[in-house]
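Structural description and commentary
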Amino acid sequence: MRPSVFKGLLTKEIQARFEENSWKYPGFYLVERPLRTYPYNVAAHILGYIREADPKDIDASGHFYKQGDYIGKTGLEAYYEKILMGQRGVEYLIKDHKNRLVGHYENGVYDTVSIAGRSLKTYIDIELQQMAEKLMTNKVGGVVAIDPQTGGILAMVSGPNYNPNDITGPDGGKNFSKMQLDVTGPMLNRAIAGKYEPGSTFKPLGGLVALNEGVITPGYGYPCGGLYTLCGHGKPRCTHAGGGHASNLRLAIANSCNAYFAHVYRITVDNPKYENVKLGYLKWREYMNNFGLGVRLGIDLPNESAGGIPDTSVYNKENANRWTSCTNLTLGIGQDKMQTTPLQMANAMCIIANKGYYYTPHFVEKIDGETEEDAVFMKKFRTKHDVLTHIPDTAFRSVIEGMNDVVKFGTARIANIPGIDVCAKTGTAENYTILDRRKIKLPNNSVFVCFAPKQNPKIAIACFVQNAGYGATWAGPISRILIEKYLNDTLMIKSKADLERISNTNLMPAYFKRLQYKEDSVRAFKWFQTTKDSSYIQRYVYEEMPGIEKSPRGPAKPVQKATVLQLMALLPDDRIRLTQNSEA
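I will try to describe carefully the structure that is included in this document. Keep in mind that what you see is a predicted model, and the values were worked out from it rather than measured.

What counts and what doesn't
- Residues numbered from 1 in each chain as written.
- Predicted model: local features only at pLDDT ≥ 70, side-chain atom pairs only at ≥ 80, totals over all residues.
- Heavy atoms only, no water.
- Helix = DSSP H or I, 4+ residues; strand = E, 2+ residues; numbered from the N terminus.
- Buried < 20%, exposed > 50% of the residue type's maximum accessible area, 1.4 Å probe, protein only.
- Areas by Shrake-Rupley, 256 points an atom, 1.4 Å probe, with all protein chains shown as cover.
- Lys, Arg positive; Asp, Glu negative; His and termini not counted.
- Charge placed at Lys NZ, Arg CZ, Asp CG, Glu CD.
- Pairing = 2+ DSSP bridges.
- Expected span 1.5 Å × (residues − 1).
- Contact = heavy atoms within 4.5 Å.
- Salt bridge = Lys/Arg side-chain N within 4 Å of Asp/Glu carboxyl O.
- Patch = residues over 30% accessible without salt bridge, like charges linked within 9 Å, V, L, I, M, F, W, Y side chains within 5 Å.
- Polar contact = N/O pair within 3.5 Å; in protein donor to acceptor, adjacent residues only side chain to side chain.
- Axes fitted to C-alpha atoms, helices over the stretch in contact; angles between N-to-C directions.
- Parallel < 35°, antiparallel > 145°, perpendicular 65-115°, else oblique.
- Left-handed = near helix turned anticlockwise from the far one by under 90°.

Along its length, the protein carries 19 helices and 16 strands. If you line up the protein on its principal axes, its C-alpha atoms span 90 × 90 × 55 Å. Looking at the protein as a whole, 45% of its 584 residues qualify as buried. Here the protein displays about 30300 Å² of accessible surface, and carbon together with sulfur accounts for 51% of that area. Treating the 71 positive side-chain charges of the protein as one cloud and the 58 negative ones as another, the clouds have centres 7 Å apart.

Written as C-alpha cells, this is what we have:
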C-alpha cells in the first residue's frame, strides 16, 4: 500500500486525459510539485539546472536529501544550493498494519512547516544578456562583460547555447541526453572553461609588466621591418613594416606590432637582475598570475578553468633543461603554450581599467535576508584585490592611451562609438585540430578585449569567437554593440544593422559535422555489438565490392577472395569513401 511515483512530469495533454478518465483508475492520483521555469529563455549556463538527487548526492548530504528531491547540479543553482534549497517540512504520520495512513501523530504537535529558499539578486543586465546571446547565435566561443568597479558580471554567454526551459518538464530528460551527445558542447560553459590563446589581446599586459620592470619606457621603440630577426628565424611576422609603427609603446599597441612585443617579452625575462632566464620567467609568470591568468579567479560558478601559464618545468622537460627566451618568445604575443578563458581576459581588462586592482568576478550582488553567515560567504566577492597597484599610474596611462589609440586609428576602429572613449585590443589566434589522424589548420579565432569609458570605466568585455577570422571582423563589432547598449541604452542605425547581420551569420566550424557523424557511428556500432539491434546503423551502410588483383603482365582482374568492405558516405556532402580489409 506504499504510494510511489508511477510517472513523473506529465505533459498537459496527458494530465487532461487522466483528469477526464481518473474514475477508471482507482489508486492513481495526481500530485502537484514545484517546477523551474525561465521566463526570459536566456542565461542557461549562468543559472544552471536542477535534477533529481541521485544516490551520490543523497550520501554526500548525510541523507538530508531524499529520493525524489531536486538539487542544483550546475551554475548558480549548484553554487548557491544551500541558500536556494530552503528547509523541508516534516509530518509525523500514523499508519496501520497495511501501511495505510491513519492520521497525524499526537495531532501534529511535532510537525514542522517547510521554509522556502531565499532569492538571489544578481548584477545581470537582462537586456544586455539577451542581446549578447542573440549575437552569439550559431557561433562557438564566449563573451563576458564585467563592471570593473564591483566585479559584478553584467552578461556572460557561451556558444553554442541552449534554452534553459528545454531541460525542464516532461521532455527535459530526453533533451538533456541529446545535448550531452552533441559534439559542439552546448552544455559546456566556454566563458569560464574554454581555453584559448589570447593572441594580440595579451600585448597590453606584456607592456605593463615591462614598464614596471624598468626594461622599457613609454618612449621605447623597436625598428620593426615586418618580422622579428633576433632569434634567427624571422618569426613572428608583422602586418606592418617600417614607417615608425613601433617607435613607442602607444604606437606599438595601436598597430599591434608582433616584433615589438616579442622583443619586450625577451628583455623582460632576460632582465639581468634575475641572473638567468628561468628566474626571469618565473617572475614574469608571477605577474601573469597576478593578472588572473593561469589561476582560478573564484567565480560563483562551478567548473571554472585555470587556463594555462606553463611552469619552467614544462620547458625544462621539452628542451633537456636548456632553453632561452627565444624558445618561447611568442608568449609575448599571447601564443606558444599560453591559454586563457574569456572570463580571465575580461578580468584582466578590469585590472587595467582600475589601474591595478579588481574584485573577484561574481553574479550575485546580495542574498535576500542576508545573515552574518551569508556575509562571511559573500566576503570574498566584496574584497578588493590590490594585485598590481604597485605599478605606477604613468605606466597604466601609457597602456590605456595605447588601447584608446587602437580604436582611434589602430586595428580596432570598428569599435569606435561617438561620444564614448573606448579602450580596446584586437587579437587573431591560429588554431589547429586533429581530424582523421591529420593535423588540420582551422580558421583563426577572432578575439577582442576592451573597456569603456576611458575615464571611470563602467564595463569591461572579452569576446572570443572560434574559427571566425580577424578580431576586428566579428569579436570587435560584437563588443562594440554591447558597450553601446549598456552605456547608451540604445543602438545607432549602423549598430542595429550589425546586430542583425552578425546574429544571422552562421560561423559554426565545419569540422563539427564530421566529428558528430563519427561519434554517432561509433555509438551505433557499439550498440549493435551489444544488442544485435541493427536499426541504429542503417545510415552507416556497408557494401561488399570485389577486390582487385593487380598483375604485372596484364590488366587488373577482379577476384572474389580479397573482398573489401567499403564504408559509404561518412559525410554525404564530402563523398568520403574509406576502405578496409574485410578480415580486419
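That was the structure; now back to the text.
Turning our attention to the pairing of strand β11 (residues 423-435). In this sheet, strand β12 (residues 438-452) lies alongside β11 in antiparallel orientation, the contact comprising 12 bridges. Bridge pairing in β12 links Ile434 to Lys439. In textbook terms, the turn of a hairpin is the stretch between consecutive antiparallel strands, and for β11 and β12 this stretch comprises 2 residues, one of which, Asp436, has a positive phi near 55°.

Our focus in this paragraph is helix α11 (residues 258-269). Between its first and last C-alpha, α11 extends 17 Å over 12 residues, near the 16 Å set by a 1.5 Å rise per residue. In terms of burial, α11 is largely enclosed, as 11 of its 12 residues are buried. At its buried positions, α11 is contacted by α9 (203-213), α10 (249-255) and α12 (277-290).

The next point concerns the pattern of salt bridges. One pass over the full model with this rule turns up 22 salt bridges. Between Asp57 and Lys73 there is a salt bridge, with its nearest N and O atoms 2.5 Å apart. Here Lys73 lies in the loop between β2 (70-72) and α4 (75-79) and Asp57 lies in helix α3 (residues 55-60), a separation of 16 residues in the sequence. We note a salt bridge from Glu401 to Lys454, for which the minimum N-O separation is 3.2 Å. Of this pair, Glu401 sits in helix α16 (residues 393-408) while Lys454 sits in the loop between β12 and β13 (459-465), placing them 53 residues apart in sequence. The exposure class of Glu401 is partly exposed, given its relative accessible area of 22%.

To continue, consider a nonpolar patch on the surface. A cluster of nonpolar residues, Val90, Tyr92, Ile94, Val102, Tyr105, Val109 and Tyr110, forms a patch on the protein surface that exposes about 690 Å² of accessible area. Note that Tyr110 resides in the loop between β4 (101-104) and β5 (120-122). The exposure class assigned to Tyr110 is exposed, which follows from its relative accessible area of 52%.

With respect to the helices, strands and loops of the structure, Gln516 is situated in helix α19 (residues 511-531). Taking the relative accessible area as the measure of exposure, Gln516 reaches 19% and is therefore buried. A polar contact of 3.2 Å, which involves the side chain of Gln516, links it to the backbone oxygen of Leu181. Residues in contact with Gln516, not counting those within four places in the same chain, are Leu181, Asp182, Val183 and Arg523.

This brings us to the packing of α9 against α12. Relative to each other, α9 and α12 sit at 125°, their axes nearing to 11 Å. Classified by the angle their axes make, α9 and α12 are oblique. Between α9 and α12 the crossing geometry is right-handed. Each of Val209, Asn212 and Glu213 in α9 lies in contact with α12, whose residues at this interface are Lys283, Trp284, Tyr287 and Met288.

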